[in-house]
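# Coordinate inspection notes
Residue-level listing of the chains:
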Amino acid sequence: MNKIKIMDELLANKIAAGEVVERCASVVKELVENSIDAGSTEIKIELIEAGTKEIKIIDNGSGMEEKDALMAFSRHATSKLMTDDDLYNINTLGFRGEALASIASVSRINLKTSTGNIGTIVSLEGGKIIEVTTGDARKGTIITVSDLFYNTPARLKYMKSLYTELSSITSFVNKIALSHPNIKFVLTNNGNVLLNTDGTGDLLKTIKAIYGIDLVKKMIKIEGSNADYEVYGYITLPEVTRSNRNHMITLVNGRVVKNAELNKAINDSYHTYKPDNQYPIAVININVDPTLVDVNIHPTKQDIKFSKMNSLTELISTSIKDVLKTTILIPKIEVRETLPTNNYVQSSLDLNRVLEPEPTYKAPIINNDLIVTGEESLDLVDTKQETLPELYPIGTVHGTYLVCQNELGMYLIDQHAAKERINYELYKAKLGSPKKEITALLFPLTIELTQDEFIILKENKDVLLNMGFDISEFGLNSIIVKTHPIWLPKNYEEKAIRKIIETVIQHEKNFDIEKFNEKVAINISCKLSIKANDNITLMEMENLINDLRNCQNPYTCPHGRPTIIHYSKYELEKLFRRTGF
Ligand code: ZN
Ligand code: ZN
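A few points on the structure. (Residues numbered from 1 in each chain as written. Chains lettered and ligands numbered in written order. Predicted model: local features only at pLDDT ≥ 70, side-chain atom pairs only at ≥ 80, totals over all residues. Heavy atoms only, no water.)

### Here we look at the sheet that holds strand β22 (residues 409-414)
Filter applied, for reference: The criterion for strand pairing is that DSSP finds at least two bridges linking the strands in question. Under the scheme used here, helices are H or I runs from DSSP no shorter than 4 residues and strands are E runs no shorter than 2 residues, and both carry numbers assigned from the N terminus. Lines fitted to C-alpha atoms define the axes here, with helix axes fitted over just the stretch in contact, and angles between the N-to-C directions of these axes take values from 0 to 180 degrees. Any two residues having at least one pair of non-hydrogen atoms within 4.5 Å are treated as being in contact.
Reading across from one edge, β20-β21-β22-β26 is the order of the four strands in this open sheet, with antiparallel pairing throughout. Across the chains shown, the open sheet's two edge strands, defined by having one partner strand only, are β20 (392-397) and β26 (564-568). Averaged over neighbouring strand pairs, the angle between their axes works out to 25 degrees when direction is ignored. Where β20 and strand β21 (residues 401-406) come together, five bridges link them in antiparallel fashion. Paired with Thr396 across the strands is Leu402, a residue of β21. On top of the sheet, helix α12 (residues 415-432) reaches β20, β21 and β22; it is set at about 70 degrees to β22, its chief contact. In this fold helix α17 (residues 538-549) packs onto β20, β21 and β22, with an angle of close to 115 degrees to the strand it touches most, β20.

### A look at the coordination of the zinc ion (ligand 2)
Rule in force here: Here the coordinating atoms are restricted to nitrogen, oxygen and sulfur within 2.8 Å of the metal centre, or 3.2 Å for Na, K and Ca, and because water is not among them the sites may look incomplete. Each residue is assigned to one of three classes by its accessible area relative to the maximum for its type, calculated with a 1.4 Å probe on protein chains only: buried under 20%, partly exposed between the two thresholds, exposed over 50%.
The coordination sphere of the zinc ion (ligand 2) contains the protein donors Glu420 (OE), Cys557 (SG) and His559 (ND1), at a distance range of 2.0 to 2.3 Å. Here the donor residues for the zinc ion (ligand 2) map to a single chain with the spacing E-x136-C-x1-H. Between the two metal centres, the zinc ion (ligand 2) and the zinc ion (ligand 1), the spacing is 3.9 Å, with Glu420 acting as a shared donor. One end of the pair, Glu420, is in helix α12; the other, Cys557, is in the loop between α17 and β26, and 137 residues separate them in sequence. Exposure remark for Glu420: the relative accessible area of 2% places this residue in the buried category. A residue is classified by how much of its surface remains accessible, and Cys557, at 1% relative accessible area, is buried.

### A look at the coordination of the zinc ion (ligand 1)
For the zinc ion (ligand 1), the protein coordination sphere consists of His416 (NE2), Glu420 (OE) and Cys526 (SG), at 1.9 to 2.4 Å. Positions of the donor residues of the zinc ion (ligand 1) along the chain correspond to the pattern H-x3-E-x105-C. You can call Cys526 partly exposed: its relative accessible area is 28%.

### Notes on the pattern of salt bridges
Note the cut-off: Salt bridge criterion: a side-chain nitrogen from Lys or Arg within 4 Å of a carboxyl oxygen from Asp or Glu.
Applying the stated rule across the entire model yields 15 salt bridges. Two residues, Glu33 and Lys29, come together in a salt bridge whose shortest N-O distance is 3.5 Å. On the criterion of helical spacing, the pair formed by Glu33 and Lys29 is a turn pair, its members being four residues apart in helix α2 (residues 24-37). The closest approach of N and O atoms between Glu571 and Lys574, which form a salt bridge, is 3.6 Å. Pair noted here: Glu571 and Lys574 are both in helix α18 (residues 569-575), with a separation of three residues, about one helical turn. Exposure class is identical for Glu571 and Lys574. Each is buried.

### As for the sheet that holds strand β7 (residues 128-135)
Hydrogen bonds between backbone groups are what pair the strands of a sheet, and the pairing can be parallel or antiparallel. Reading across from one edge, β7-β6-β5-β8-β3-β2-β9-β10 is the order of the eight strands in this open sheet, with mixed pairing throughout. Two strands in the sheet have a free side with no partner beyond their single neighbour: β7 and β10 (192-196). Along the sheet, successive strands turn relative to each other by an average axial angle of 10 degrees, direction set aside. As paired elements, strand β6 (residues 119-125) and β7 share seven bridges and run antiparallel to each other. Opposite Val122, over in β7, you have Val132 as the bridge partner. Each of β2 (42-48), β9 (184-189) and β10 is contacted by helix α6 (residues 162-179), which is oriented at about 170 degrees to β9, the strand it contacts most.

### Examining the layout of surface pockets
Any empty space left between the atoms is revealed when a probe the size of a water molecule rolls over them. As a reminder, the rule being used: The way it works is a 1 Å grid over only the protein atoms, where trapped points that fit a 1.4 Å probe form a cavity and open points with protein on both sides within 12 Å along at least five of seven lines form a pocket, and then any residue with an atom within 4 Å of a point lines it. Grid points are joined across faces, edges and corners, and a volume is the space filled by probe spheres set on the points. When residue character is reported, Ala, Val, Leu, Ile, Met, Phe, Trp, Tyr, Cys and Pro are called nonpolar, Asp, Glu, Lys and Arg charged, and the others, Gly included, polar. Note: domain ranges come from an automatic or database domain assignment.
Computed from the structure, the second largest pocket encloses a volume of approximately 1,500 Å³. Lining the second largest pocket are 38 residues; nearest its centre among them are Asp268, His271, Lys321, Lys428 and Glu518. Among the residues making up the lining of the second largest pocket, the classes are represented as nine nonpolar, 14 polar and 15 charged. Here the lining of the second largest pocket gathers at least three residues from each of two domains, domain 2 (204-325) and domain 3 (438-486 + 490-527).

### Concerning α6
Which entries qualify depends on this criterion: Here, expected helix span is obtained from the residue count minus one, scaled by 1.5 Å.
Look at α6: 26 Å from first C-alpha to last across 18 residues, which is about the 26 Å you get at 1.5 Å a residue. Restricting attention to buried positions, one finds in α6 the residues Glu165, Leu166, Ile169, Thr170, Phe172, Val173, Asn174, Lys175, Ile176, Ala177, Leu178 and Ser179.

### A closer look at the nonpolar core
Formally: We define a nonpolar core as any set of buried Ala, Val, Leu, Ile, Met, Phe, Trp, Tyr and Cys residues linked to one another through side-chain atoms lying within 4.5 Å.
In terms of nonpolar packing, the biggest core is built from 58 residues, with Ile45 and Ile207 touching the most fellow members. Phe306, Met309, Leu324 and Cys551 belong to the second-largest nonpolar core, a separate cluster that totals 48 residues.

### A closer look at helix α16 (residues 513-527)
Helix length check: α16, at 15 residues, gives a terminal C-alpha distance of 21 Å against a target of 21 Å (1.5 Å per residue), a fit within 8%. Those residues of α16 hidden inside the fold are in contact with α12, α14 (461-467) and α15 (493-506).

### A look at empty space enclosed by the protein
Applying the stated rule across the entire model yields one cavity of 30 Å³ or more. Here the largest cavity defines a volume of roughly 60 Å³. Lining the largest cavity, in full, are Phe454, Leu457, Lys458, Lys461, Leu464, Ile471, Ser472, Glu473 and Ile479. Those elements that place two or more of their residues in the lining of the largest cavity are α13 (451-459), α14 and β24 (470-473).

Shape descriptors only; they carry no functional weight alone.
Okay, structure coming up:
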């Protein structure tokens, strides 16, 4: 029986609307997905000039008989989608038929394929079959697409730079490799290996092949389940972030999907552990009953709709928060002797390295991001019993950093950031369960505002009343504050009141009390923290450290910046060359 069947007309038209071969990456995508459908366990993608000259895919899949091989290039041929319902099935990889015919029409193709018996070789040019011969019987398919768009110069012009083409191919292959850790993927460009996964089915090993061992060592495992969903995967420590969202990867039942809400849930779970505009690297698998999801029917989009979204974001959020809470998150300063050489492409920065010659200098680098230790174990970060170890302060440097020590080495604490964290957790708790206890100011405080500030404040007066402030108008564009909640810090009442009022004024749009409280907590904790160059006594240092140790998250200030860093004894010895290394 023919493996490639003819689809019904209706479905074909539906697909035709969206299916266009635009770029090298869309060709790679179609061909790789065909190889996956053919049951391949090894797929090699060889590019010349980022695929603009040649794209060659070698697989060990089922291969095709001659009849199927010829049929594969006719329009509306498919081996996969047969009914309209299939279009909505999450397990269906993509759309078939149109694509191969479209690719063939704008390139030169050489197809060698065999089911293990006699091999078939088909050559096409601009979609026309030039030659059909027999070839060797190696099971699988080798398809070579050369000179893409050679016969459509107008389209060729739209091709982006080699850099962009390669970057989108890499990004696609990385994602498909993450979706199929049990398939070995090799990607090369002009003979340089960009990705080489082992196909053993181990997700972490696939992540390692993509991001490198150094990054994997800074990842933590997350796991969780509820009535509707099951999640598991790996996320980076808060100290390792990227400036774009591209490295938060979510898979649903093993397929990469794009969903802004999921990304937001992942990123928000790190709130105050890292700056909000820096993003983690995360690979998270979501297992769900396929009837709970609805794939966007547009074939080029990977978006998806979940019928119980809240239940899912809640699960992701608690899974991440739980693991952050139980992991020691003090960034370690580590000495690196050489530049890493085996980090494969991921960020655009790394891509530059692939397209341009490697720098040849090698200098010792002090770096708190990457470590090279030589050994290749995939031990992840330890989980902890306690948040911070005992620390003994020695003094301050630059009036800002407390120098501390214990048997594990030296620690530096940023006194402003540390106090800010302590304040933040305190005020957040106070604001979260407001006691109605209020107290009168000895001298009522008058605050002058501009006309528009005054109007905004008047509109949001209830917020302040609910917090325990007695506020009334006092002349033109001025207010008078007579009482305040009792938890405002002694001697800093005025500072705190001014900061809170400022926050109300800035927060006019879409008022949300929870977000407002969060902002108030952050603002007053910064305002009331110790400044840099405020010299504090040894006793005050000890108190500060103790208070920090009692925090839920002692590692970062509410803005996500580190409060503490660690120089281990070993690293100090390395820096001073006291150890042979
Ligand atoms: Zn601050
Ligand atoms: Zn801060």
